[in-house]
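For reference, the chains in residue letters:
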Amino acid sequence: MTAVETPPIGTREIGRDRRRKEDARLITGRTRWTDNITLPGMLHLAMVRSPFAHARITSIDTGAAKDAVGVVDVVTAADLGESVGVCINAWPITPEQKAPTHPPIAVDRVCFAGEIVAVVVARSAAEARDAAELVEVEYDELPAALDLKEAAQDTVLAHPDLGTNKSAYWVFDSAQAGTGGDVEEAIAAARTDGVLIEREYRQQRLIPAFMEPRSVVVDPTGEQITMWSATQIPHILRFALAATTGVPESKIRVIAPDVGGGFGGKLQQTPEEMIVFALARRLGKPVKYTETRSESLMSGHHGRDQWQKLTLAATREGKVTGLKVELLADLGAYVALVGGGVPVLGAFMFNAIYKFPAYHFACQTVFTNKTWTDAYRGAGRPEATFAIERLMDELAAELGRDPLEVREQNWITHEEFPFTTVAGLEYDSGNYEAATARAKEMFGYDELRAEQRRRRESGDPVQLGIGISTFTEMCGLAPSRVLGSLDYGAGGWEHAQIRMLATGKVEVVTGASAHGQGHETAFSQIVADRLGVPFEDVEVLHGDTQIAPKGLDTYGSRSLVVGGEAVVRAADKVIEKARPIAAHLLEANVEDLEFKDGRFSVRGTDAGLGLTEVALATFAAHNLPDGVEPSLDAEATFDPVNFNFPHGTHLCAVEVDTETGQVKLRTYVACDDIGVVINPLIVSGQVHGGLVQGIAQALWEEAVYDESGTLVSGSFVDYLLPTAADTISFQIDHTTSPAKTNSLGAKGVGEAGTIASTPAVVNAIVDALRPFGVHDVQMPCTPERVWRALRQSEGEGAGAGGETVGGAMPHFDPSTGTQGTADRTTGADE
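None of these values were measured; they are calculated from a predicted model.

Undergrad: Just give me the short version of the overall build of the protein chain, but keep the residues and values in it.
TA: A count of helical and extended segments in the protein chain gives 22 helices and 30 strands. Rg of the C-alpha trace for the protein chain: 28 Å, near the compact-globule value of 28 Å for 830 residues, within the 12% margin. Over its C-alpha atoms, taken along the principal directions, the protein chain stretches across nearly 90 × 75 × 50 Å. Of the contacts made within the protein chain by residues no fewer than 6 positions apart, 78% connect residues no fewer than 24 positions apart. Accessible area for the protein chain stands at about 29,600 Å²; split by element, carbon and sulfur atoms hold 50% of it. When the 73 basic and 114 acidic side-chain charges of the protein chain are each reduced to a single mean position, those positions are 3 Å apart.

In structure tokens:
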């Protein structure tokens, strides 16, 4: 293929602060969310949900509900049978994985509070909700498995028919994989003549809490069954519907209209989607369901929820020699679409940016009678980054050294790229030194350390803490061969088509489906640069399996680095298809043509034609070369050979009131390397939003269940989401080491802020409290937990929620589920 010359910097769209094309309709109410869709004769659903975490259904009386005003039907699992399909697990992480069947509507037993047991169909949503309260369900309550560690011991079974709560045990060992040494030898050496850091951290359960509740509409009255859904994955959803209901895929159309956020929470084949699909087919009429906010918090999938047992070995000089990670991961009641694989994604990131010679990772996934878990912004990578960044701070504290200095001693230098890690991944590019230097400069690192010393020396009750997170992540979830080797049920490619219209306008069709990322703007900028057409003349179409029949959707920061590269390749094909036509029209040889700024010119002459002129001539087809088809349209599918590795340095300063436990953010600096930036304005929005979500995990958010398995943080009164008033103005910047895995040189950014910020904040809090003997505060670091940690360090009692500081705490063996105790300061078994 002939090389395509990119436009000069002065005329380029890439790198410009373009306001998003999407925003005008989104902020003026001219968009159509799924819940705005109204069809003639449409019926509405309300779900009857279990109040119990684990119970046998003994009877369901629907008589009173059926007689209610406006009710058309009331159905149970017995009424729908196999027509409702099942919810699938697309990532069985081991051949031995145990997984119960996940029916969209409970058959004879409920396994979490919020599980659907009956469905009311009525002429209005209000009538359906009123009638749902009339359905009488008798339950025989069963013991519930609620505590993750206890569930791992099979004390109470979430699914008695399985005989265990253990679903899958997944292991990576560098010695066995041939990527490094024996971690047990490294640990033994460190125990004898080195430094051994042993810690246990809790990743609390979180709720994605997207802005738009999930909603679904199904119209069965046409040649196809059309589903509108607030989903991140229209293509995958269409496949799941066809695969589990028997309806041919060609007869199903899934549309994701404007979607109000997802954060992984809409990366799912939901029971509600399956039920609406089945009932629309059963009744032959359009059907809608929109969840309430409390339903969203209770029954939409949750995220995180791990216990992490960690062992880091190092020399006395601070050189890391080994890392051992043992996880317990709570699946909730079922294995979700990719839920079992989320901790496996993290397995490749615990070593982070550091040159560990030996590494061992083991994860036991466990069933409990709680809402099922799956991907939440970062999906495995935030959990891994939190663990290793906390450990690096602990190593520095043990050595009495600056934590940035210890990191620099152990990280991969920029001269060493590409670098193959102990986990077997090849990092293609990076410059941790540059990002850190810029972050320190913005932060005023040395000045803040000096202030910290003064406060400590003066006994100031408000102590200053400085937190660090030097992170990387694997994103652009894509290499199909790698995903296949991990038993993932799908590929990772992405598809794009470019249509050159006769008027010179351009339509871009992408399989990536946006829910707030700005695809329409960024892809327009890429195409405008590549084809040399005005930004305003590019329209991006997405989110409809009829318009964009090929695609694998949006998650894992893959849209730009995989989907964007597919767009680039399709654009290059358009140029190559236009080249012989332009040469024919100019009466020149193809080899003599140059393409620049949207125009073909004959080398050494003034003769030329614009691409839009060629598009019109191609449409007319009056004067085309023999054997050339009258079309410039082109499509491309891109499947990268590697993941994508953005990185950055985040620095956080907090003030902690040692008398009240109050934590106040003072300064937050983020310097990220995301390769070549397409639109800095969009990047800033992604980073800011990600930072708030990661900080929220550190300080505020937690899904809490009571002893009976009821979600007690089931509204925004109790599940604490931050507002603008709770945060501060962030200082952000970026360095650039272009990615080698795509021609744009771009790296993912959608999850970076969330991945990096949680450990930065917690490290800052612990740094402020370390002189008082505090070595950890369990997230979220609420004022009460900080206060109790301080009081316990003074010997005044146990910490809130069972957490301990500087003393003995339970630990576990994920392969057996057995518990012992370990001293958090020395790590020695008791």
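Undergrad: So what about the sheet that holds strand β5 (residues 116–122)? Which residues, and what values?
TA: Spatially, the seven strands line up as an open sheet ordered β3-β5-β1-β12-β9-β10-β11, and their pairing is mixed. Each edge of the open sheet is held by one strand with a lone partner, namely β3 (71–75) and β11 (252–255). Averaged over neighbouring strand pairs, the angle between their axes works out to 20 degrees when direction is ignored. Relative to β11, strand β10 (residues 225–229) runs parallel, the two sharing four bridges. What sits directly across from Trp-228, in β11, is Ile-255. Lying on the sheet, helix α4 (residues 125–132) is in contact with β1 (43–49), β3 and β5; it crosses β1 at an angle near 25 degrees. Of the strands in this sheet, β10 and β11 are in contact with helix α8 (residues 234–245), which crosses β11 at around 150 degrees.

Undergrad: Can you explain the pairing of β1? Please cite residues and give values.
TA: With respect to burial, β1 is a largely interior element, seven of its seven residues being buried. Both faces of β1 are covered, namely the face carrying Leu-43, Leu-45, Met-47 and Arg-49 and the face carrying His-44, Ala-46 and Val-48. Two strands pair when backbone bridges link them, and β1 and strand β12 (residues 287–290) are joined in this way by two bridges, in the parallel orientation. Paired with His-44 across the two strands is Lys-288, which belongs to β12. Bridge analysis of β1 against β5 gives six bridges, and the strand direction is antiparallel.

Undergrad: Help me get a handle on the packing of helix α18 (residues 559–585) against helix α19 (residues 611–620), residues and values and all.
TA: In helix packing, the relevant descriptors are the interaxial angle and the interaxial distance, both defined with respect to the helix axes. Interhelical geometry of α18 versus α19 gives an angle of 85 degrees and a closest axis separation of 10 Å. With respect to their mutual orientation, α18 and α19 come out roughly perpendicular. Between α18 and α19, the residues in contact are Ala-578, Ile-581, Ala-582 and Leu-585 and Leu-611, Val-614, Ala-617 and Thr-618, respectively. A per-class count over the contact of α18 with α19 returns seven nonpolar, one polar and no charged.

Undergrad: Describe in detail the packing of aromatic side chains, supporting the description with residues and values.
TA: Taken as a whole, this structure holds 15 aromatic pairs when the rule is applied. Note on Trp-170 and Phe-361: the rings are 5.9 Å apart at their centroids and 70 degrees apart in plane angle, and the pair reads as edge-to-face. Residue Trp-170 is located in strand β7 (residues 166–173), and its partner Phe-361 is located in strand β15 (residues 359–367); the two are separated by 191 residues in the primary sequence. We classify Phe-361 as buried; its relative accessible area is 0%.

Undergrad: Any details on the confidence of the model for the protein chain? Residues and values, ideally.
TA: Summary statistics for the protein chain give a mean pLDDT of 93 and a share of 94% for residues scoring 70 or more. pLDDT under 50 marks residues 1–10. Its contacts with residues more than four places away, or in other chains, come to 18 contacts. Confidence drops under a pLDDT of 50 for residues 797–830, and excluding neighbours within four residues, the segment shows 96 contacts in the predicted structure.

Undergrad: Tell me about helix α17 (residues 519–531), residues and numbers included.
TA: For α17, with 13 residues, the first-to-last C-alpha span of 18 Å sits near the 18 Å given by 1.5 Å per residue. Judged by how many residues are buried, α17 sits mostly within the fold: 13 of 13 residues are covered. Following α17 by one or two positions, Gly-532 has its phi on the positive side, about 70 degrees.

Undergrad: Any details on the nonpolar core? Residues and values, ideally.
TA: One broad rule of soluble globular proteins: the nonpolar side chains tend to lie buried together. Core analysis: the biggest nonpolar cluster contains 97 residues, and Leu-312, Phe-350 and Phe-361 have the highest contact counts within it. By residue number, the principal contributor to this core is helix α12 (residues 381–399), which donates nine residues. Look past the residues within four positions of Phe-350 in its chain and what remains in contact with it is Gln-308, Leu-310, Leu-323, Val-325, Leu-327, Tyr-359, Phe-361, Glu-383, Ala-384, Ala-387 and Ile-388. With 45 residues, the next largest nonpolar core counts Val-602, Ile-678, Leu-744 and Ala-746 among its residues.

Undergrad: Explain the environment of Gly-318 to me, and be specific about the residues and the numbers.
TA: Relative to the assigned elements, Gly-318 resides in the loop between β13 (303–314) and β14 (320–332). Separated by 210 residues in the primary sequence, Gly-318 and Ala-528 have C-alpha atoms spaced 50 Å apart. In contact with Gly-318, other than residues within four places in its own chain, are Leu-395, Leu-399, Arg-401, Val-406, Gln-409 and Asn-410.

Undergrad: Quick rundown of the environment of Tyr-376? Include the residues and the values.
TA: Tracing the backbone shows Tyr-376 in the loop between β15 and α12. Here Tyr-376 falls in the buried class, since its relative accessible area comes to 2%. Measuring from C-alpha to C-alpha, the distance between Tyr-376 and Pro-403 comes to 29 Å, with 27 residues separating the pair along the chain. Ignoring any residue separated from it by four or fewer positions in sequence, one finds Tyr-376 in contact with Leu-206, Ile-207, Pro-208, Phe-263, Gly-303, Arg-304, Gln-693 and Glu-701.

Undergrad: Which residues make up the sheet that holds strand β23 (residues 599–602), and what values go with them?
TA: Two orientations exist for strands paired in a sheet by backbone hydrogen bonds: parallel and antiparallel. With antiparallel pairing, three strands are arranged side by side in an open sheet as β22-β23-β24. Every interior strand has two partners, whereas the edge strands, β22 (593–596) and β24 (608–610), have only one. Looking at each pair of strands side by side, their axes are set apart by 20 degrees on average, direction ignored. Running at roughly 130 degrees to β22, α18 makes contact with β22, β23 and β24 of the sheet. Strands β22, β23 and β24 of the sheet are contacted by α19, whose axis makes an angle of about 80 degrees with β24.

Thresholds, definitions, all that
- Residues numbered from 1 in each chain as written.
- Predicted model: local features only at pLDDT ≥ 70, side-chain atom pairs only at ≥ 80, totals over all residues.
- Heavy atoms only, no water.
- Helix = DSSP H or I, 4+ residues; strand = E, 2+ residues; numbered from the N terminus.
- Rg over C-alpha atoms; globule rule 2.2 N^0.38 Å.
- Contact = heavy atoms within 4.5 Å.
- Areas by Shrake-Rupley, 256 points an atom, 1.4 Å probe, with all protein chains shown as cover.
- Lys, Arg positive; Asp, Glu negative; His and termini not counted.
- Charge placed at Lys NZ, Arg CZ, Asp CG, Glu CD.
- Pairing = 2+ DSSP bridges.
- Axes fitted to C-alpha atoms, helices over the stretch in contact; angles between N-to-C directions.
- Buried < 20%, exposed > 50% of the residue type's maximum accessible area, 1.4 Å probe, protein only.
- Parallel < 35°, antiparallel > 145°, perpendicular 65-115°, else oblique.
- Nonpolar A, V, L, I, M, F, W, Y, C, P; charged D, E, K, R; others polar.
- Phe/Tyr/Trp six-rings, centres within 6.5 Å; stacked < 30°, edge-to-face > 60°.
- pLDDT = per-residue confidence, 0-100.
- Expected span 1.5 Å × (residues − 1).
- Core = buried A, V, L, I, M, F, W, Y, C linked by side-chain atoms within 4.5 Å.

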